Amino acid sequence: MREMDDEHVSPLEHGVRLRAGRLALLGGIAVLAAKLAAWRLTGSTAVYSDALESVVNVVAGALLLYSLYLSSQPADRNHPYGHGKVEFFSAGVEGTLIAVAAVLIAIEAIRQMIRGVELRSLDLGLMLVTAATAANAAIGLHLVRVGRRVHSLALVADGRHLLTDVATSGGVIIGLALVWVTGLSILDPVVALIVAVQILRTGWQLSREAIGGLMDEANPTALEEMVKALELRREPSWIDTHSLRSWRSGAVEHVDLHMVVPRYFDADQLHDIDEQVERALLAATRRPGEVITHFDPCRPRHCPGCAMEPCHVRSAAFAALRPLTLDRATRSDEALDTGTPVARVKVGE
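Residues numbered from 1 in each chain as written. Predicted model: local features only at pLDDT ≥ 70, side-chain atom pairs only at ≥ 80, totals over all residues. Heavy atoms only, no water.

Student: Sorry if this is basic, but what is going on with helix H8 (residues 267–285) here?
Tutor: The α-helix winds at 3.6 residues per turn, so residues separated by three or four positions along the chain end up facing the same way. With 19 residues, H8 extends 27 Å from end C-alpha to end C-alpha; this agrees with the ideal 27 Å at 1.5 Å per step. Ile-273, Val-277, Glu-278, Ala-280, Leu-281, Leu-282 and Thr-285 are the residues of H8 that are buried. The inward-facing, buried residues of H8 contact helix H7 (220–232), strand S2 (252–261) and strand S3 (289–297). Backbone geometry just after H8 places Arg-286 at a positive phi near 55°. (Helix = DSSP H or I, 4+ residues; strand = E, 2+ residues; numbered from the N terminus. Expected span 1.5 Å × (residues − 1). Buried < 20%, exposed > 50% of the residue type's maximum accessible area, 1.4 Å probe, protein only. Contact = heavy atoms within 4.5 Å.)

Put into structure tokens, the structure is as follows:
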């Protein structure tokens, strides 16, 4: 497996990931303590909703730290592609926990509306919530920055969650300030309901992204960059490409493709092409990874689009080089002699 160079840190420098994960967990515990104190002081449903989301932060932080530790373990007999997909699982669980928190917040806000609102010590409560929000913002920005640098979806997801918490906490602060100024206590559960809707939206987005990663969902943007890299570095011997696919396991990108090459090339020449293709694709992804290239020998039907010269097996003159596009590079496997698409064989057939 090749590793891509980064001007700051290797994408597989797991110590950086683990330090960020520990910061997320310890910071989450401190922020939760501050918000719980603010809730006890004020009795505010909006502050309760903010504290409840911080409970989720702590649970998610613990899961994040475990997933980062597990993803750092090398591939083994039972996990030949490594343990990186646990990060998608972590992000998915975090998204689910966020959604559950949103429902609990909404229930408490409605209950507060029915039984009435009694608030107290808003000045001190505002100070505690503001301090906790500032700490969350600093930790969240750090996690997103580190996560993007080391290609960790789990860190990015946790950082984005904390930044969403900052936005919702800002709403809580504004709501408490309005209650303090106007005396309209009903604004408190109203703000809590708005916070619940925003939190639910974030939970759905995180879960959707995690499910896509676990299901090896295609990333058209990444594939487009790979195709551009192949076209930019294309050699005359790279006659055609199809069946380009990729999937991620944590920070590691796995790519496979079919490439049509002159049928008289020997193993040494194919090995050189394999290395060139791997460098081009991983440079496009900016991640460490593995590339598997399946070589197809050329046939007479390829001659009009083959610029390889001299060629002692050519049966037709070169007409025009067909540029690689996303549609062409990702088309399905095809019969070597006729070019007709080959249907995938289903299990049991």
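Still more to cover.
Student: Which parts of the structure should I look at to understand the side chain of Ser-237?
Tutor: You can see Ser-237 is positioned in the loop between H7 and strand S1 (240–249). When its relative accessible area of 8% is taken as the criterion, Ser-237 is described as buried. Apart from the residues lying within four places of it in its own chain, the contact partners of Ser-237 are Val-260, Val-261, Pro-262, Phe-265, Ile-273 and Met-308.

Student: So what exactly am I meant to see when it comes to the environment of Asp-216 here?
Tutor: Inspection of the secondary structure assignment puts Asp-216 in the loop between helix H6 (187–214) and H7. Since its relative accessible area comes to 38%, Asp-216 is described here as partly exposed. Along the primary structure Asp-216 and Arg-145 are separated by 71 residues, whereas in three dimensions their C-alpha atoms are 24 Å apart. The contact partners of Asp-216, leaving out residues within four places of it in the chain, are Lys-85, Trp-247 and Arg-248.

Student: Looking at this structure, how should I read the packing of helix H2 (residues 45–71) against helix H3 (residues 86–115)?
Tutor: Any two packed helices are characterised by the angle at which their axes cross and by the distance between the axes. Two numbers describe how H2 lies on H3: the axes approach to 9 Å, and their chain directions differ by 170°. In this view, H2 runs roughly antiparallel relative to H3, as classed from their interaxial angle. Taken together, the residues of the contact of H2 with H3 break down into 17 nonpolar, six polar and three charged. (Axes fitted to C-alpha atoms, helices over the stretch in contact; angles between N-to-C directions. Parallel < 35°, antiparallel > 145°, perpendicular 65-115°, else oblique. Nonpolar A, V, L, I, M, F, W, Y, C, P; charged D, E, K, R; others polar.)

Student: Help me understand the sheet that holds S2, please; the structure alone is not making it clear to me.
Tutor: Remark on secondary structure: sheet strands pair via backbone hydrogen bonds, oriented parallel or antiparallel. The strand order across the open sheet formed by three strands is S1-S2-S3, and the pairing between neighbours is mixed. Where the open sheet ends on each side, the last strands, each with one partner, are S1 and S3. Geometrically, the sheet is characterised by an average inter-axis angle of 10° between neighbouring strands, direction not taken into account. Here eight bridges tie S1 to S2, and the two strands are oriented antiparallel to one another. Residue pairing in the sheet places Thr-241 in a bridge with Met-259 of S2. (Pairing = 2+ DSSP bridges.)

Student: Explain helix H4 (residues 122–149) here, please?
Tutor: For H4, which comprises 28 residues, the first-to-last C-alpha distance of 40 Å matches the rise-based estimate of 40 Å (1.5 Å per residue) to within 8%. Immediately beyond the C-terminal end of H4, within one or two residues, lies His-151, with a positive phi of roughly 55°.

Student: Help me understand a nonpolar patch on the surface, please; the structure alone is not making it clear to me.
Tutor: Taken together, the side chains of Ile-110, Met-113, Ile-114, Leu-184, Ile-186, Val-190 and Ile-194 make up a nonpolar region of the molecular surface, amounting to roughly 650 Å² of accessible area. Going through the elements one at a time, H3 and H6 are the ones with two or more residues in the nonpolar patch. Of all the elements, H3 adds the most residues to the nonpolar patch, at three residues. On the secondary structure map, Ile-110 appears in helix H3. (Patch = residues over 30% accessible without salt bridge, like charges linked within 9 Å, V, L, I, M, F, W, Y side chains within 5 Å. Areas by Shrake-Rupley, 256 points an atom, 1.4 Å probe, with all protein chains shown as cover. Salt bridge = Lys/Arg side-chain N within 4 Å of Asp/Glu carboxyl O.)

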